Amino acid sequence: QAERTEEEQDIFQEALLHLDAVFLHADHFVHLDVPVDLPEDEGEVYNQSSVQSSSIELRQVGPNLQCIQPFPFDNLLAVNGEAVSSVATAERLLAQSALAEVTLERHKYGLP
């Protein structure tokens, strides 16, 4: 992350004063202004072969499996050619071999 300008730091500090209210009183929040362009490869589907199965950490984000490691923010779509839709299914498939081929969707819900 780039260093904040003085103005950005002031805005950030103001936002921190209200952060507890966001977590305590809000079920959803929406960013109305995003001052950066989305990456060109946003949503791109790609394959990675020979990925160490034990290195993959996942979390369920709604209907998606989001990678925590080693592909932060990317969604896991398939393991060894088999579509996955739950952490349990992905972990079962990953446990079958030390190395796996994975299909991912690039950082659809977050920026790297």
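Residues numbered from 1 in each chain as written. Predicted model: local features only at pLDDT ≥ 70, side-chain atom pairs only at ≥ 80, totals over all residues. Heavy atoms only, no water.

J.: Would you mind going over the pattern of salt bridges with me for this structure?
T.: Between side chains of opposite charge, a pair can form when the charged atoms approach closely. Going through the model one piece at a time under the given rule, you end up with two salt bridges. Ionic pairing is found between Arg 106 and Asp 41, a salt bridge with its closest N-O pair at 3.2 Å. Placement of Arg 106 in the segment after β6 (99–105) and of Asp 41 in the loop between α1 (6–25) and β1 (45–52) is noted, with a sequence separation of 65 residues between them. One network of salt bridges, in which partners are shared, links Asp 41, Glu 44 and Arg 106. (Salt bridge = Lys/Arg side-chain N within 4 Å of Asp/Glu carboxyl O. Helix = DSSP H or I, 4+ residues; strand = E, 2+ residues; numbered from the N terminus.)

J.: Help me understand helix α2 (residues 87–94), please; the structure alone is not making it clear to me.
T.: The periodicity of an α-helix, 3.6 residues per turn, causes residues three or four positions apart to be oriented the same way. Residues of α2 that are buried include every one of Ala 90, Leu 93 and Leu 94, and no others. When α2 is viewed along its axis, its buried side chains cluster within an angular range of 100 degrees and face the same direction. Packing partners of the buried residues in α2 comprise β2 (57–61), β3 (64–69), β4 (75–79), β5 (82–83) and β6. (Buried < 20%, exposed > 50% of the residue type's maximum accessible area, 1.4 Å probe, protein only. Arc of directions from axis to C-beta. Contact = heavy atoms within 4.5 Å.)

J.: What should I look at first to understand the side chain of Ser 53 in this one?
T.: Its place among the elements puts Ser 53 in the loop between β1 and β2. Using a relative accessible area of 8% as the deciding quantity, one classes Ser 53 as buried. Only 3.3 Å separates the side chain of Ser 53 from the backbone oxygen of Leu 94, close enough to count as a polar contact. Those residues in contact with Ser 53 that sit more than four places away from it in its chain are Leu 94, Ser 97, Ala 98, Leu 99 and Ala 100. (Polar contact = N/O pair within 3.5 Å; in protein donor to acceptor, adjacent residues only side chain to side chain.)

J.: What am I meant to see in the pairing of β3 here?
T.: Where a strand is regular, its side chains alternate between the two sheet faces. Judged from the five bridges that link them, β2 and β3 form a sheet pairing that is antiparallel. Its bridge partner lying in β3, Glu 57 is registered against Gln 69. As consecutive antiparallel partners, β2 and β3 are separated by two residues, and within that stretch Gly 62 has a phi angle of approximately 60 degrees, a positive value. (Pairing = 2+ DSSP bridges.)

J.: Help me understand unusual backbone geometry in this model?
T.: Peptide bonds are, in most cases, trans, and in most cases residues other than glycine have a negative phi. Between Gln 69 and the following residue, Pro 70, the backbone shows a cis peptide bond with an omega angle of -5 degrees. For Pro 70, the location among the structural elements is in the loop between β3 and β4. Located in the positive-phi region is Ser 50, a residue other than glycine, with phi close to 55 degrees. Take Ser 50: it is sitting in strand β1. According to the relative accessible area criterion, Ser 50 is exposed, its value standing at 55%. Backbone geometry places Phe 73, a non-glycine residue, at a positive phi of 75 degrees. Relative to the helices and strands, Phe 73 resides in the loop between β3 and β4.

Fair warning: the whole summary comes from geometry, so function is off the table for now.
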